[in-house]
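Given next are the chains, with one letter for each unit.
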Amino acid sequence: KQHRDQSSTKTREAAAMQAVSQASSDKLSVIEEELRAAREETADVRAALDKAWASEKELKRSVHEIRAETEDLKAKVGVGASQVEENEEARRELANREALLQANQRQLQDTLT
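Computed from a prediction, not measured in an experiment: that's the story for all the values here. (Residues numbered from 1 in each chain as written. Predicted model: local features only at pLDDT ≥ 70, side-chain atom pairs only at ≥ 80, totals over all residues. Heavy atoms only, no water.)

Caption draft 1: Inspection of the overall build of the chain at higher detail. A count of helical and extended segments in the chain gives 1 helix and 0 strands. Its C-alpha atoms give the chain a radius of gyration of 48 Å, clearly above 13 Å, the size a compact globule of 113 residues would have. Considered along the principal axes of its C-alpha atoms, the chain spans approximately 165 × 15 × 10 Å. Counting the 113 residues in the chain, one finds 0% classified as buried. Put simply, the chain shows about 10,700 Å² of open surface, and 56% of that area lies on carbon and sulfur atoms. Computed over 19 positive and 23 negative side-chain charges, the inter-centroid distance for the chain is 11 Å. (Helix = DSSP H or I, 4+ residues; strand = E, 2+ residues; numbered from the N terminus. Rg over C-alpha atoms; globule rule 2.2 N^0.38 Å. Buried < 20%, exposed > 50% of the residue type's maximum accessible area, 1.4 Å probe, protein only. Areas by Shrake-Rupley, 256 points an atom, 1.4 Å probe, with all protein chains shown as cover. Lys, Arg positive; Asp, Glu negative; His and termini not counted. Charge placed at Lys NZ, Arg CZ, Asp CG, Glu CD.)

In structure tokens:
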């Protein structure tokens, strides 16, 4: 009877140890799955961040190109404006010369007649 009691106790202890072991194993599996999911999420976030950095770098490059183009266009507009001003001044001078020549021509015609 004592042998049966010891055997029964050992069987219960073994079953309890097996239950604890199974629970630990189950908990470890859950933790490993959570770790895998966290690593996957971290990798996704890192990939998105790398993509965002690359996009930002490209946008900065575009901004620099547009600024350079804007400065070039401003310079061209400045040159164009000064050329327009010079052309207008030359046109006024020509108009004045033409008026003077016409006046001189009239005087000469008046003198000849």
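Caption draft 2: Main features of the pattern of salt bridges. Scanning all chains against the criterion turns up 8 salt bridges. The salt bridge involving Glu56 is made with Lys60; its shortest N-O contact spans 3.6 Å. Taken together, the positions of Glu56 and Lys60, both in helix H1 (residues 2-112) and 4 residues apart, correspond to about one turn of that helix. Glu56 gets classed as partly exposed once you look at its relative accessible area, which sits at 39%. Judged by its relative accessible area of 48%, Lys60 is partly exposed. (Salt bridge = Lys/Arg side-chain N within 4 Å of Asp/Glu carboxyl O.)

Caption draft 3: Spatial organisation of a negative patch on the surface. Together, Glu85, Glu86, Glu89 and Glu93 give the surface a local cluster of negative charge. Structurally, Glu89 can be placed in helix H1. Taking the relative accessible area as the measure of exposure, Glu89 reaches 42% and is therefore partly exposed. (Patch = residues over 30% accessible without salt bridge, like charges linked within 9 Å, V, L, I, M, F, W, Y side chains within 5 Å.)

Caption draft 4: Inspection of the environment of Gln102 at higher detail. By the element assignment, Gln102 lies in helix H1. Among the residues examined, Gln102 registers a relative accessible area of 36% and is labelled partly exposed. Between the C-alpha atoms of Gln102 and Glu34, which are 68 residues apart in sequence, the distance is 99 Å.

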